[in-house]
Amino acid sequence: MVSPDSFFNRQALQEYILLAGQHPAGGLRDKPHKYIRLFDSKLHPYLWVSCRNPDAYHTAYCISGMSAAQHHVYPSPARREEVRAAWEGEDGVRTAVFAEALCWTEEDGTSHIVGSAVNRVVRDSLLS
């Protein structure tokens, strides 16, 4: 399902991460299992070894992709002004940069979660 405000298929990305990205032992990986052959004359003419294990980097960017696919966020003018006001009396580049970086908010009622609610990536409470 590609919504008009999205440049990628939100459902397909979630399905790929949930079905192909999860490692049975935990963590998320770049691609599904791919095996390479290593020569080993003692055990077998060829030893097949998995070369797609999960790691912190791939886990983090898969979770980021899941979150982007599930939630519609946009820059909120009201939130932008709220952040600017918090800089009391200071104006300039730092204020503008922080206001633009922290003005994003989630549009209510636009979440699209594939599968059950346990698949939902939730926002960190420290950011609210």
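Going by the structure above, here's the rest.
Cut-off values and rules
- Residues numbered from 1 in each chain as written.
- Predicted model: local features only at pLDDT ≥ 70, side-chain atom pairs only at ≥ 80, totals over all residues.
- Heavy atoms only, no water.
- Helix = DSSP H or I, 4+ residues; strand = E, 2+ residues; numbered from the N terminus.
- Buried < 20%, exposed > 50% of the residue type's maximum accessible area, 1.4 Å probe, protein only.
- Contact = heavy atoms within 4.5 Å.
- Axes fitted to C-alpha atoms, helices over the stretch in contact; angles between N-to-C directions.
- Parallel < 35°, antiparallel > 145°, perpendicular 65-115°, else oblique.
- Left-handed = near helix turned anticlockwise from the far one by under 90°.
- Nonpolar A, V, L, I, M, F, W, Y, C, P; charged D, E, K, R; others polar.
- Core = buried A, V, L, I, M, F, W, Y, C linked by side-chain atoms within 4.5 Å.
- Phe/Tyr/Trp six-rings, centres within 6.5 Å; stacked < 30°, edge-to-face > 60°.
- Polar contact = N/O pair within 3.5 Å; in protein donor to acceptor, adjacent residues only side chain to side chain.

> So, the environment of V83: which residues are in play, and what are the values?
Structurally, the position occupied by V83 is in helix 3 (residues 77-85). Taking the relative accessible area as the measure of exposure, V83 reaches 7% and is therefore buried. The spatial distance from the C-alpha of V83 to the C-alpha of T95 is 8.2 Å, given a sequence separation of twelve residues. Every residue in contact with V83, bar those within four places of it in the chain, is listed here: F98, A99 and L102.

> Go over the packing of helix 3 against helix 4 (residues 93-102), please, and point to the residues and values.
It is the contact of helix 3 with helix 4, at a shortest axis distance of 8 Å, that shows an interaxial angle of 140°. Considering their axes alone, helix 3 and helix 4 lie oblique with respect to each other. Once helix 3 is placed against helix 4, the crossing between them reads as right-handed. Residue-level contacts link R79, R80, V83 and R84 of helix 3 to T95, A96, F98, A99, E100 and L102 of helix 4. Residues that form the contact of helix 3 with helix 4 fall into these classes: five nonpolar, one polar and four charged.

> Provide a residue-level description of the nonpolar core, including the pertinent values.
Core analysis: the biggest nonpolar cluster contains five residues, these being I17, L28, C62, M66 and V121. Setting aside residues no more than four positions away along its own chain, I17 makes contact with Q22, L28, C62, G65 and M66.

> Run through the packing of aromatic side chains, naming residues and quoting values.
Across all of its chains, the model carries two aromatic pairs by this definition. Relative to Y61, the ring of Y57 lies with its centre 5.4 Å away and its plane at 75°, an arrangement referred to as edge-to-face. Placement of the pair is Y57 and Y61 together in helix 2 (residues 56-70), with a separation of four residues, close to one helical turn. When the ring of W87 is compared with that of F98, the centres are 5.0 Å apart and the planes differ by 40°; the resulting orientation is tilted. Of the two residues, W87 is situated in the loop between helix 3 and helix 4 and F98 in helix 4; the sequence distance between them amounts to eleven residues.

> Describe the side chain of H72, listing the residues and the values that go with them.
Relative to the assigned elements, H72 resides in the loop between helix 2 and strand 3 (73-75). For H72, a relative accessible area of 18% puts it in the buried group. A polar contact of 2.6 Å, which involves the side chain of H72, links it to the side chain of E107.

Function cannot be inferred from these measures alone, as they are strictly geometric.
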